[in-house]
Amino acid sequence: MGDILFLFVRRLRAPLITVILMYAISVWGLTLIPGQDAEGRPVAMGFFHAFYVMSYTATTIGFGEIPYAFTDAQRLWVLVCIYLSVIGWAYTIGSMLAIANDPNFKALVARSLLIWRVKGIADPFYIVCGYGQSGAAIAKALDRVGGRLVIIENRAERAAVVAVEAYEHPPLVLHADARLASALEDAGIQRPECRALLALGGDDAVNQAIAIGAKVLRPDLLTIARTKAHVAKVNLEAFGGITVINPFETFATNLALDLQAPAVLQMEDWLTAANGTECPPSIDLPRGKWVLVGFGRFGQAIAQVLDGAGVSWKAFDP
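Along each chain, the written sequence defines residue order, and numbers are assigned to residues from 1. Confidence filtering applies because this is a predicted model: local features only for residues at pLDDT of at least 70, side-chain atom pairs given and counted only at 80 or more, and all residues used for totals across whole chains, interfaces and linings. With hydrogens and water excluded, all non-hydrogen atoms of the structure serve as input to the side-chain values.

**Notes on the overall build of the protein chain**
Strands here are runs of E lasting at least two residues and helices are runs of H or I lasting at least four, both read from the DSSP assignment and numbered beginning at the N terminus. What the protein chain contains, in helices and strands, is 13 helices and ten strands. For the radius of gyration, the atoms used are the C-alpha atoms, and the globule rule reads 2.2 Å times the number of residues raised to 0.38. Taken over the C-alpha trace, the protein chain has a radius of gyration of 34 Å; the compact-globule value for 318 residues is 20 Å, which it surpasses by more than 25%. For the protein chain, the residues scored as buried account for 37% of the 318 residues in total. Residue contacts are counted whenever heavy atoms from the two residues lie within 4.5 Å of one another. In the protein chain, the proportion of contacts linking residues at least 24 apart, taken out of those at least 6 apart, comes to 57%. For the protein chain, the exposed area adds up to about 18,400 Å²; of that, 63% sits on carbon and sulfur atoms. We treat Lys and Arg as the positive residues and Asp and Glu as the negative residues; His and chain ends play no part in the count. To locate a charge, take NZ of a lysine, CZ of an arginine, CG of an aspartate or CD of a glutamate. Within the protein chain, one finds 26 positive and 28 negative side-chain charges whose respective centroids are separated by 3 Å. Only protein chains enter the calculation, and the probe is 1.4 Å; a residue is then buried if its accessible area is under 20% of its type maximum, exposed if over 50%, and partly exposed in between. In this description, accessible areas are obtained by the Shrake-Rupley approach with a 1.4 Å probe, and a residue is regarded as covered only by the protein chains that are shown.

Pasting the structure below:
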């Protein structure tokens, strides 16, 4: 809130000074121009009456001439002040509208509103960093089991998608870089209601930075990071306290289970599914020769599983 006030005052500094000068000159002029009472005797208007007259004149309310009917000189001065006030307020209101449409101001307001809403969460919630395919799938799965969510996404177009998707409990979305400690703190990582953080960015280095930052800020928090490279997984496991998931290795492990013990994989999928989920069907992978299209990290992980199961394969890679 302090950042919003600072930006607002800084941008409105010139318009506010203009309005203050306009009022000061107008009030000062009314006190200097002599008026007349009912008997025609000269009367000097006090500052209070002058400010009162200018207040209802500048706001177009118009209560009349007080404390006595104005002289022509006073009316001429008020006429000048009317046009001055119109120009001053038009300049000020235009500046206020420009601030309201400023992207930086909008971002500050949105962030302050999110911080306020995060503080109001009384139920357990999870922080999901990254709203790609995996992030969206996990967010929807957590929502189905009643989990509240705070999503941090650095790409504006992805952050905007969350608002139009169907959620039982609409997530709170923070458009920010989750590698920054301030972003994690704004998302409520220090709150006791925060139960876990999931780093699901598309880059291993980003996920490492997010996970390590989360453990530094909240050592007791369950922190899960996705990595695709073995070295990234080793680094995070060496740091300690971080659950690391390599999707290639996970898929390969499930593939090996289906080739060797399909019932075990079927039972594992059922036990780890949401409450009330029916038993999933068995995958029943074919046992013949395999063709691997692409032989990167994913293809190599699959090849190791096929070798272990005694399945012949051939890989094609550009």
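**Side note on the pattern of salt bridges**
In the sections that follow, a salt bridge refers to a side-chain nitrogen of Lys or Arg positioned within 4 Å of a carboxyl oxygen of Asp or Glu. For the structure on display, the rule yields twelve salt bridges. R41 is paired through a salt bridge with D37; the nearest N and O atoms lie 2.9 Å apart. Among the salt bridges present, the one from E39 reaches R41, with a minimum N-O distance of 3.3 Å. When its relative accessible area of 58% is taken as the criterion, E39 is described as exposed. Several salt bridges converge on common partners, so that one network encompasses D37, E39 and R41.

**What to know about the packing of aromatic side chains**
Each pair of aromatic rings is reported with the distance of its centres and the angle of its planes. For Phe, Tyr and Trp, where Trp contributes only its six-membered ring, two rings pair if their centres lie within 6.5 Å, and the inter-plane angle classes them as stacked under 30 degrees, edge-to-face over 60, or tilted in between. A full pass over the atoms with the stated rule returns five aromatic pairs. Ring geometry for Y23 and F51: centres 6.2 Å apart, planes at 50°, overall tilted. Separated by 28 residues along the polypeptide, Y23 in helix α2 (residues 13–32) and F51 in helix α3 (residues 47–58) bring together distant segments of the chain. When the ring of F251 is compared with that of F298, the centres are 5.4 Å apart and the planes differ by 80°; the resulting orientation is edge-to-face. Of the two residues, F251 is situated in helix α11 (residues 247–260) and F298 in helix α13 (residues 297–308); the sequence distance between them amounts to 47 residues.

**Looking at helix α4 (residues 72–100)**
To estimate the expected span of a helix, subtract one from its residue number and multiply by 1.5 Å. Relative to the 42 Å expected for 29 residues at 1.5 Å per residue, α4 spans 42 Å between its end C-alpha atoms, a close match to the ideal helical length. Where α4 is concerned, the buried positions are Q74, V78, C81, S85, G88, T92, S95 and I99.

**Considering the sheet that holds strand β5 (residues 172–175)**
Spatial ordering of the open sheet is given by β5-β4-β3-β6-β7-β8, a layout of six strands whose pairing is parallel. Two strands close off the open sheet at either side, each with one partner strand: β5 and β8 (242–245). Sheet twist, expressed as the average angle between the axes of neighbouring strands with direction ignored, equals 20°. Strands pair, by our definition, only if DSSP identifies at least two bridges between them. Two strands pair when backbone bridges link them, and strand β6 (residues 194–199) and strand β7 (residues 222–226) are joined in this way by four bridges, in the parallel orientation. Paired with A196 across the bridge in β7 is L222. Helix α5 (residues 103–119) contacts β4 (148–153) and β5 of the sheet and is inclined by roughly 140° relative to β5. Here an angle of 0 to 180 degrees is reported between the N-to-C directions of two axes, which are lines fitted to C-alpha atoms, with helices fitted over the stretch in contact.

**Quick look at the state of the cysteines**
The rule for a disulfide is simple: a pair of cysteine sulfur atoms within 2.5 Å. This model, assessed by the stated rule, comprises zero disulfides. No disulfide involves C129; its nearest neighbouring cysteine sulfur is the one of C194, lying 9.3 Å away. Overall, C129 belongs to the buried group, its relative accessible area being 1%. Residue class for C194 comes out buried when judged on its relative accessible area of 1%.

**A short note on the pairing of β4**
Two faces make up the sheet, and in a regular strand the side chains alternate between them. Most of β4 is tucked away, with five of its six residues classed as buried. Where strand β3 (residues 125–129) and β4 come together, five bridges link them in parallel fashion. Opposite I127, over in β4, you have V150 as the bridge partner. By convention, orient the strands away from the viewer: a clockwise path from the first strand over the helix to the second makes the crossover right-handed. For the crossover that starts at β3, traverses helix α6 (residues 133–144) and ends in the parallel β4, the hand is right-handed. Examined bridge by bridge, β4 and β5 share four bridges and lie parallel to one another. Following the sheet pairing, V150 is matched in β5 by L172. Note that the unit made of β4, helix α7 (residues 156–161) and β5 has a crossover that is right-handed.

**Focus on the packing of α2 against α4**
Between two packed helices, both the angle of their axes relative to each other and the distance between the axes serve to describe the pair. Two numbers describe how α2 lies on α4: the axes approach to 9 Å, and their chain directions differ by 170°. As far as their axial angle goes, α4 and α2 are roughly antiparallel. Between α2 and α4 the crossing geometry is left-handed. Across the interface between the two elements, A14, P15, T18, V19, M22, Y23, I25, S26, G29 and L30 from α2 touch W77, V78, C81, L84, S85, G88, W89, Y91, T92 and S95 from α4. Any angle that is under 35 degrees is reported as roughly parallel, and any over 145 degrees as roughly antiparallel; angles of 65 to 115 degrees are reported as roughly perpendicular and all others as oblique. Each crossing is labelled by how the near helix is turned from the far one, with a counterclockwise turn of less than a right angle marking it left-handed and a clockwise turn marking it right-handed.

**So, the pairing of β3**
With respect to burial, β3 is a largely interior element, four of its five residues being buried. Bridge analysis of β3 against β6 gives five bridges, and the strand direction is parallel. Across the sheet, the residue bridging to V128 is L198, located in β6.

**Thoughts on a nonpolar patch on the surface**
Together, L76, L79, V80, I82, Y83, L84 and V86 make up an exposed nonpolar region whose accessible area comes to about 630 Å². Exposure remark for I82: the relative accessible area of 32% places this residue in the partly exposed category. Here a patch means residues that are over 30% exposed by relative accessible area and free of salt bridges, tied together within 9 Å if like-charged and within 5 Å if nonpolar (Val, Leu, Ile, Met, Phe, Trp, Tyr).

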